[in-house]
Structures are given as structure tokens and as C-alpha cells.
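Chain by chain, the residues:
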Amino acid sequence: MLGPDPVWAVGAMSGTSLDGVDAAMVQTDGRDVLTFGATAYREYRPEERAILRAALGKWPGDDLDAALDVTHSVHAEVLNPFEAAQIVGFHGQTLAHDPKGRGTHQLGDGQALAETLQKPVVWDFRSADVALGGEGAPLAPFFHHACARWAKLRAPVVFLNLGGVGNLTWVDPSIDRPEKPDALLAFDTGPANAPLNDLLQERLGRAYDKDGALAAKGKVEEGALELFLDDAYFRKLPPKSLDRDDFALMLDLVRELSDADAAATMTAMAATAVMIGIEHCPSEPERVLVTGGGRHNPVMMQMLAAGLDCPVEPVEAIGLDGDMLEAQAFAYLAVRVARGLPTSAPSTTGVRAAVAGGTISRPS
Ligand SMILES: Nc1ncnc2c1ncn2[C@@H]1O[C@H](COP(=O)(O)OP(=O)(O)OP(=O)(O)O)[C@@H](O)[C@H]1O
Ligand SMILES: CC(=O)N[C@H]1[C@@H]2OC[C@@H](O2)[C@@H](O)[C@@H]1O[C@H](C)C(=O)O
């Protein structure tokens, strides 16, 4: 279907924080990123978000009609204008993630989207990895490797995504292929914004702690932080991954604290989980490049900078767009799948062997 020349792909990602769908174009041959293109964002309306939230934790076979309608219509709306794209990478909304048990579930029907958009759609990126013993996540690391090469970095760096869940990729850009054994190490670090958002929603009816304003007024309760860090997840060697609500009990640890102290403590939990994560990396990175919404939270960024020995900067420092990196990743991965190139490896998900995850659906 796709020849060896670079193509324009569009990727769409709806993250664990359930804020909306990002879409972004990338020109790539599946190995190198040549150009970054147009982007778009469609926020969920409150009623759409409520339908998706109610579907969290559900698996194929459950009643998902309403959530599927929302996912399909929002993706069709955000992706329709990308006429120049030759192929689509459609992540789908993660509803449940239990790689060592029931599997992983991203809501969406790629065939239906292919019919609507009249373009080939690559989707269900995670199942093949899980079937081969992998965590099915994170999948952005192969793209992070391409970004490091695009930015002509030489020394190992860490890409840190602070979304609902945190995940990091240690990258050695001097190794030319991401599937080679020492090129990457990746894993979920712990909860990032999701439990903090839940706290703000529950106590104050606010979606999130804008600019860390509440956390800035509070003080970290060290006892609660220590109890949180006792969780065996942090000592477990990577690869490892999390579901959005795996740390929902964090809210109990801050239950007795004032709003400001609870926000400060939860922000410290997210940041400290990252610091422990960095200790698992093969070597100290030259810098930590932060993507995802958490990079807009100055309190979280300051805590990271204070706890790490290297500079902590938003990915914009190397010319990337930290709000769109995940959507770009699934554009890039779609082309890799179409070309039969792997999208994960033992070092990124723990999969038995490098695998090209994803199903390709073509309009009939
Ligand atoms: N100005 C800001 N101040 C503080 N926090 C912010 C700010 N902007 C965004 N955030 C946080 O970032 C979150 C959104 O991050 P992002 O869009 O990266 O998440 P996601 O892509 O849904 O998650 P994931 O990567 O886990 O799938 C918001 O819910 C909020 O908690
Ligand atoms: C199962 C799932 O959807 N995981 C997401 C989630 O959000 C952040 C973190 O947890 C990461 O593991 C992953 O997303 C990114 C895009 C990834 O696969 O790289």
C-alpha cells in the first residue's frame, strides 16, 4: 500500500485525563521524522466526558454503544480536515489496562473510522504487544527515539510525559535503531495528574490545579509521601505500566489534609515517583525533556528540578510541541505498522521480541 517514500500521516490521541482529542500530522518514512505538520484539538463537551468516564473500566462485550458513538463522532470531527494525510493512526480511548490479566482496551472501531474518513486507519496498537507478553505501554518510546535523532541530540536524554499517568523514556540517540537492545528503556513512572485532578474535582469542583496555584500555597506532608513511596511498584524493575486508577487510594493518604497541603503532597508524589524512575535508567540523562500537561505546572517542574541533578526543561527546548507529542507519536507509529516495522521491543514494554503492533483497516 505505502511505498518506501515519506508519507504524511495524522495521529489522534485521547489521553487518560479525558480532556479531549489531539490530532497532529507528521511526515515520515517510518524511520525518520522529516517534518511536523498541522495540529488540532477538540475538547470533550461535559456530556461527552461524562459518557466516557462512565465507560472507564469496561471491556469489549460490555455495553459501550454510547461511548463508542462519542469516540467515533469526536474523532471524525477532528480528523476530517486533515485531507492531506495518506494514513491515520487512531489510538482510541483507553478504558482499561490490565496487561497481565484481561489485556488492554482502547475504545474505537478503526474500520468504521476508515469508512468515514475514506483513508486507511491503523488502530488497536497495544494488543499484539500484550499477546506477546508485553505491557502494551508505553508506545511513544520509538517515536521519542526518532525525535531525539530529529533534534540531532548526541547524549542520552529522558523524555518525560506528565499526563494523567507519568511515563518516561531513556533514549540513547547514538544508537541508530530503536529496537536495538541498548537504545531505549521505558516505563510508567507512577500517577502524575490524574489523582491530583480527581482531588481538585472532588473537593473544589475544579478540573485541575491550574499553574499549581493551590499546591504552591501548601506544604508537603512527608508522612503521606513516605507511605505512598512504600508501594512495591516503585521498586519493581522496568518495563512496567499502570492503569489510570491504579493509585486511586492516594486520595485516602491526603484525606485529612487541607486542600493546599493535599495538593502540594500529591504534586510531590508525582514528582518523587519520577525521581525514583530516573534511578532505574541505564545512565544519568544529560537532560530531562518534559511533555504533557504537567509541564505547565510550575510547582511540579520546580520539585523535579530540585530533586534531579540535570536540567529539567519542556520539550519545546528542542523545538517539539509538548501538547502534541502523543498524537504525533501515533501518526509515526501508524506508518511503522504499515511498513511492517516494529513499534515496541523488550526494552520498552517487556515484549518477548520486537513487534509491529496495530491493525490496518482500509475503506471498503
Ligand atoms: N496550566 C496548568 N497547570 C497545572 N496543570 C496543568 C496545566 N495544564 C495542564 N495541566 C495538567 O495536565 C493535564 C493534561 O495533561 P495531558 O493532556 O498531557 O494528559 P493526557 O494526554 O490526557 O494523559 P496521558 O498522557 O496519561 O494519556 C490536565 O488534566 C492537568 O492536570
Ligand atoms: C494503556 C495506556 O493507554 N497507557 C497510556 C497512559 O498515558 C500515559 C501512560 O499511561 C502511557 O503508558 C500510555 O500512553 C502513552 C501515549 C504511551 O503509550 O506512550
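Our subject is the structure that appears above.
Because the structure is predicted, anything quoted here is derived from the model rather than measured.

The rules we used
- Residues numbered from 1 in each chain as written.
- Chains lettered and ligands numbered in written order.
- Predicted model: local features only at pLDDT ≥ 70, side-chain atom pairs only at ≥ 80, totals over all residues.
- Heavy atoms only, no water.
- Near = heavy atom within 4 Å.
- Polar contact = N/O pair within 3.5 Å; in protein donor to acceptor, adjacent residues only side chain to side chain.
- Areas by Shrake-Rupley, 256 points an atom, 1.4 Å probe, with all protein chains shown as cover.
- Nonpolar A, V, L, I, M, F, W, Y, C, P; charged D, E, K, R; others polar.
- Domains from an automatic or database assignment.
- Helix = DSSP H or I, 4+ residues; strand = E, 2+ residues; numbered from the N terminus.
- Buried < 20%, exposed > 50% of the residue type's maximum accessible area, 1.4 Å probe, protein only.
- Pairing = 2+ DSSP bridges.
- Axes fitted to C-alpha atoms, helices over the stretch in contact; angles between N-to-C directions.
- Contact = heavy atoms within 4.5 Å.
- Core = buried A, V, L, I, M, F, W, Y, C linked by side-chain atoms within 4.5 Å.

Colleague: With reference to specific residues and values, describe the site of ligand 2.
Modeller: Neighbouring ligand 2 are 15 residues; T94, R126, L139, A140 and D188 lie closest to it. In the model, an oxygen atom of ligand 2 is placed 2.8 Å from a nitrogen or oxygen of the D188 side chain. Computed on the free molecule, ligand 2 has an accessible area of 440 Å², of which 97% lies beneath the protein chains in the complex. Looking at side-chain class alone, the shell around ligand 2 contains six nonpolar, six polar and three charged residues. In terms of domain composition, the shell around ligand 2 takes at least three residues from each of domain 1 (7-138 + 324-361) and domain 2 (152-318).

Colleague: Any chance you could break down unusual backbone geometry for me, citing the residues and the numbers?
Modeller: Cis geometry marks the peptide bond from A137 to P138; its omega dihedral reads -10°. Within the element layout of this structure, P138 appears in the loop between helix 4 (127-131) and helix 5 (141-150). Following P238, the chain continues to P239 via a peptide bond in cis, the omega torsion being 0°. In this structure, P239 sits in the loop between helix 8 (222-229) and helix 9 (250-253). With phi around 50°, D124 is a residue other than glycine that occupies positive phi space.

Colleague: Mind laying out the pairing of strand 10 (residues 184-191), listing which residues take part and the relevant values?
Modeller: With eight of its eight residues buried, strand 10 lies for the most part within the structure. Summarising the sheet, strand 9 (residues 165-171) and strand 10 pair through seven bridges and their orientation is antiparallel. The residue bridging L168 from the neighbouring strand is F187, located in strand 10.

Colleague: Lay out the pairing of strand 5 (residues 93-98) in plain terms, naming residues and giving numbers.
Modeller: Most of strand 5 is tucked away, with five of its six residues classed as buried. As judged from the five bridges shared by strand 5 and strand 6 (residues 103-107), these two strands associate in the antiparallel manner. By the bridge assignment, T94 is partnered in strand 6 with Q106. Here strand 5 folds back onto strand 6, and the loop between the two strands holds four residues.

Colleague: An account of the sheet that holds strand 7 (residues 121-123) is requested, with residue identities and associated values reported.
Modeller: A sheet is described by the order of its strands in space; here six strands give the open sequence 3-2-1-4-7-13, paired in mixed fashion. The open sheet terminates on both sides in strands that have one partner only, identified here as strand 3 (33-43) and strand 13 (359-361). Shown here is a sheet whose adjacent strand axes are inclined to one another by a mean of 20°, direction ignored. The strands touched by helix 12 (residues 325-338) within the sheet are strand 1 (7-13), strand 2 (20-28), strand 3, strand 4 (87-90), strand 7 and strand 13, with strand 1 carrying the most contacts at an inclination of about 125°.

Colleague: With reference to specific residues and values, describe the sheet that holds strand 10.
Modeller: Pairing is mixed across the open sheet formed by five strands, whose spatial order is 10-9-8-11-12. Two strands close off the open sheet at either side, each with one partner strand: strand 10 and strand 12 (312-314). When strand polarity is set aside, the average angle formed by the axes of neighbouring strands in this sheet is 25°. Those strands touched by helix 10 (residues 259-279) are strand 8 (157-162), strand 9, strand 10 and strand 11 (288-291), and its axis lies near 155° from that of strand 10. Relative to strand 12, helix 11 (residues 298-307) is tilted by about 145°, and along the sheet it contacts strand 8, strand 11 and strand 12.

Colleague: So what about the nonpolar core? Which residues, and what values?
Modeller: Counting 48 residues, the largest nonpolar core has L160 and V288 as the members making the most contacts within it. Element by element, the count of residues in this core is highest for helix 10, at 13 residues. Setting aside anything within four residues of it in sequence, one finds L160 in contact with N167, L168, V274, V288, L289, V290, T291 and L304. With 39 residues, the next largest nonpolar core counts V26, F125, F159 and A334 among its residues.

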